[in-house]
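# Summary of the model geometry
One-letter residues, chain by chain:
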Amino acid sequence: MIRNLRHDIDAYLESVSDEKGGEKTTKSREKKQKSREKILELLSGDGSLSAAALAVRIGITPKAVEKHLARLKAEGRLRRVGPDKGGHWTVNDNR
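Every value quoted in this text rests on a predicted model; they were computed, and no experiment measured them. (Residues numbered from 1 in each chain as written. Predicted model: local features only at pLDDT ≥ 70, side-chain atom pairs only at ≥ 80, totals over all residues. Heavy atoms only, no water.)

## A closer look at the overall build of the protein
Heads up, the condition is: A run of DSSP states H or I qualifies as a helix once it reaches four residues; a run of E qualifies as a strand once it reaches two. Both are numbered from the N-terminal end. Note on classification: 1.4 Å probe, protein chains only; a residue is buried when its accessible area is under 20% of the maximum for its type, exposed when over 50%, partly exposed between these limits. In what follows, a contact means two residues having at least one pair of non-hydrogen atoms within 4.5 Å. Under the convention used here, a 1.4 Å probe and the Shrake-Rupley method define accessible areas, while residue burial counts only the protein chains that appear.
Each helix and strand in the protein was counted, giving four helices and two strands. Taken from N to C terminus, the helices and strands of the protein fall in the order α-α-α-α-β-β. When each of the 95 residues of the protein is scored for burial, the buried share is 22%. Of the contacts formed within the protein by residues at least 6 apart in sequence, a portion of 33% connects residues at least 24 apart. Approximately 7,300 Å² of the protein is accessible, and the part contributed by carbon and sulfur atoms is 52%.

Here it is, written out as structure tokens:
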């Protein structure tokens, strides 16, 4: 199991490395940033949207939306109020 985790971590670090394809990495970051901005925009209009609903509207997978939501929460730009079912998202404008 540890060997598998190490392999996954190494693969991730290699994928985000700036050494290979700096232009590709830059485009990838821009896409991620655009997706995050779209998520924030949609949630500021309707905080009750689910990850699945956001995925359909943006055109990415629900898992990718969940990763973006986790990053936005960690950055303090997004906050979940209430439980998973029945709660809502609030967007913090203070970057």
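Structure shown, so let's carry the discussion forward.
## Quick notes on helix 4 (residues 62–75)
Note the threshold: To estimate the expected span of a helix, subtract one from its residue number and multiply by 1.5 Å. Each direction from the helix axis to a C-beta atom contributes to the arc, which is the arc of those directions.
With 14 residues, helix 4 extends 20 Å from end C-alpha to end C-alpha; this agrees with the ideal 20 Å at 1.5 Å per step. By the burial criterion, the buried members of helix 4 are Val65, His68, Leu69 and Leu72. Seen from one end, helix 4 has its buried residues packed into an arc of 105 degrees, which puts them on one side. In helix 4, the exposed residues that point more than 90 degrees away from the buried face are Lys63, Lys67 and Ala74. Of the residues trailing helix 4, Gly76 is marked for its positive phi of about 85 degrees.

## Some details on helix 3 (residues 51–58)
Along helix 3, the residues classified as buried are Ala51, Leu54, Ala55 and Ile58. Seen from one end, helix 3 has its buried residues packed into an arc of 100 degrees, which puts them on one side. Of the exposed residues in helix 3, those oriented more than 90 degrees away from the buried face are Val56 and Arg57. Of the residues one or two after helix 3, Gly59 is the one with positive phi, at around 95 degrees.

## A few points about the pattern of salt bridges
Two side chains carrying opposite charge are able to pair once their charged atoms lie near each other. To be explicit about the condition: Salt bridge criterion: a side-chain nitrogen from Lys or Arg within 4 Å of a carboxyl oxygen from Asp or Glu.
Scanning all chains against the criterion turns up two salt bridges. Across the salt bridge formed by Arg6 and Asp10, the nearest N and O atoms sit 2.7 Å from each other. Highlighted residues: Arg6 and Asp10, both in helix 1 (residues 2–16), separated by four residues, approximately one helical turn. For Arg6, a relative accessible area of 44% puts it in the partly exposed group. The exposure class assigned to Asp10 is partly exposed, which follows from its relative accessible area of 36%. Across the pair Arg77 and Glu37 runs a salt bridge whose closest N-O atoms are separated by 3.1 Å. With Arg77 in the loop between helix 4 and strand 1 (78–81) and Glu37 in helix 2 (residues 22–45), this residue pair connects regions lying 40 residues apart in the sequence.

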